[in-house]
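Fold and contact review
Each chain, letter by letter, is given below.
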Amino acid sequence: MAKPCILIIEDDAEIRELVSYNLGREGYIILQAASAEEGLALCAATPPALVLLDIMLPGIDGLEALRRIRAIPAMASVPVIMTTAKGEDADVVAGLELGADDYMTKPFSPRVLVARVRTALRRTAEGSGKAHPKNNEGILRSGDMILDPGRHEFSAGGTRIELSATEFAILALLLKSPGRVFSRERIIDSVKGTDYPVTDRAVDVHIVSLRKKLGGHSGAVETVRGIGYRLKDES
């Protein structure tokens, strides 16, 4: 079975070739773009299974590119991993707020990169139903909120809401145990895996983004000051 297609949007030719080489060795199909404009055209024409997106790009920068990628219907739930040489919280937070699923600070280990890609693609595969043969298996409900892991679909009040892979995983975690408080560390471990270098601030940003998408249901995700988050128990 062919491996998924990965799009690399990176203006530095050496980095682009290094990343392509290491992912290609794993059997992934690789698409390359040296600019956001080129990358967006590829996303529209041949939607990849995952995007590696540099923040510092000529012309349209990575953050604006991410905004436009998420506006393409076929790319709404495709995992996007941002890469940045800055390593500044502001860049990371901005990317997460716009719907990025992960980030890596340059320079990064090729082995770590491959591991991150595998993790992101595995989460997407599980959410798409490959790990859930029965579409009605594991459906989670709270009030009029319904999350279907098998179809990777979420709706609130009868309206379907598009969530990023990370937002979907966080909401699924909360929906499984209404009323239970999850620390930020527990959320990171459950969604990303143990020993994952994500800051508490990154979790907060995902929660803020999730609440925005929930709209009138935003109050369902409660903050427990000094501890973490929980889903309001509607039972």
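Cut-offs applied
Residues numbered from 1 in each chain as written. Predicted model: local features only at pLDDT ≥ 70, side-chain atom pairs only at ≥ 80, totals over all residues. Heavy atoms only, no water. Helix = DSSP H or I, 4+ residues; strand = E, 2+ residues; numbered from the N terminus. Buried < 20%, exposed > 50% of the residue type's maximum accessible area, 1.4 Å probe, protein only. Contact = heavy atoms within 4.5 Å. Areas by Shrake-Rupley, 256 points an atom, 1.4 Å probe, with all protein chains shown as cover. Core = buried A, V, L, I, M, F, W, Y, C linked by side-chain atoms within 4.5 Å. Axes fitted to C-alpha atoms, helices over the stretch in contact; angles between N-to-C directions. Parallel < 35°, antiparallel > 145°, perpendicular 65-115°, else oblique. Left-handed = near helix turned anticlockwise from the far one by under 90°. 1 Å grid on protein atoms, 1.4 Å probe; cavity = no way out; pocket = protein on both sides within 12 Å on 5 of 7 lines; lining within 4 Å. Points joined across faces, edges and corners; volume = space filled by probe spheres on them. Pairing = 2+ DSSP bridges.

1. A word on the overall build of the protein chain
- The helix and strand tally for the protein chain stands at 8 helices and 12 strands.
- Buried residues in the protein chain amount to 48% of all 235 residues.
- Taking the contacts inside the protein chain whose residues are at least 6 apart along the sequence as the reference set, 56% of them involve residues at least 24 apart.
- Here the protein chain has roughly 11200 Å² of accessible surface; of this, 52% comes from carbon and sulfur atoms.

2. Comments concerning the nonpolar core
- In this structure, Ile9, Cys43, Val51, Leu53, Ile69, Met75 and Met82 are the most contacted members of the largest nonpolar core, which totals 27 residues.
- Every element with two or more residues in this core is listed here: β1 (5-9), α2 (36-45), β3 (50-54), α3 (62-71), β4 (80-84), α4 (89-97) and α8 (200-214).
- The greatest single-element share of this core, amounting to 4 residues, is contributed by α3.

3. Overview of the packing of α2 against α3
- Direction vectors running N to C along α2 and α3 enclose 15°, while the axes themselves pass 10 Å from each other. In terms of orientation, α2 and α3 fall into the roughly parallel class. Crossing geometry of α2 relative to α3 is assigned as right-handed. In this structure, α2 uses Ala36, Leu40 and Cys43 to contact α3, whose residues at the interface are Ala65, Arg68 and Ile69.

4. Overview of empty space enclosed by the protein
- Applying the stated criterion across every chain, the model contains 4 cavities of 30 Å³ or more.
- Quantified by volume, the second largest cavity comes out at close to 60 Å³.
- Around the second largest cavity sit Ile8, Ile9, Glu10, Ile15, Val19, Leu52, Asp54, Thr83, Phe108 and Leu113, which together line it.
- When contributions to the lining of the second largest cavity are tallied by element, the ones reaching two or more residues are β1, α1 (13-25) and β3.

5. Focus: the pairing of strand β11 (residues 221-224)
- Pairing geometry for β11 and strand β12 (residues 228-231), over 4 bridges, is antiparallel. Bridge pairing links Glu222 to Arg230 in β12.

6. Quick look at unusual backbone geometry
- That bond from Lys106 to Pro107 is cis: its omega, -5°, falls within 30 degrees of zero.
- Relative to the helices and strands, Pro107 resides in the loop between β5 (102-105) and α5 (110-128).

7. What about the sheet that holds β11?
- What the 3 strands build is an open sheet, ordered β10-β12-β11; its pairing is antiparallel. One side of each edge strand has no neighbouring strand; the edge strands of this open sheet are β10 (182-183) and β11.
- Across 2 bridges, the pairing between β10 and β12 is antiparallel. Each residue of the ladder has a partner; that of Ser183, found in β12, is Gly228.
- Across the sheet, helix α6 (residues 165-176) is in contact with β10, β11 and β12; its angle to β12 comes to roughly 65°.

Note that every value here comes from positions in space, so none of it alone points to a role or purpose.
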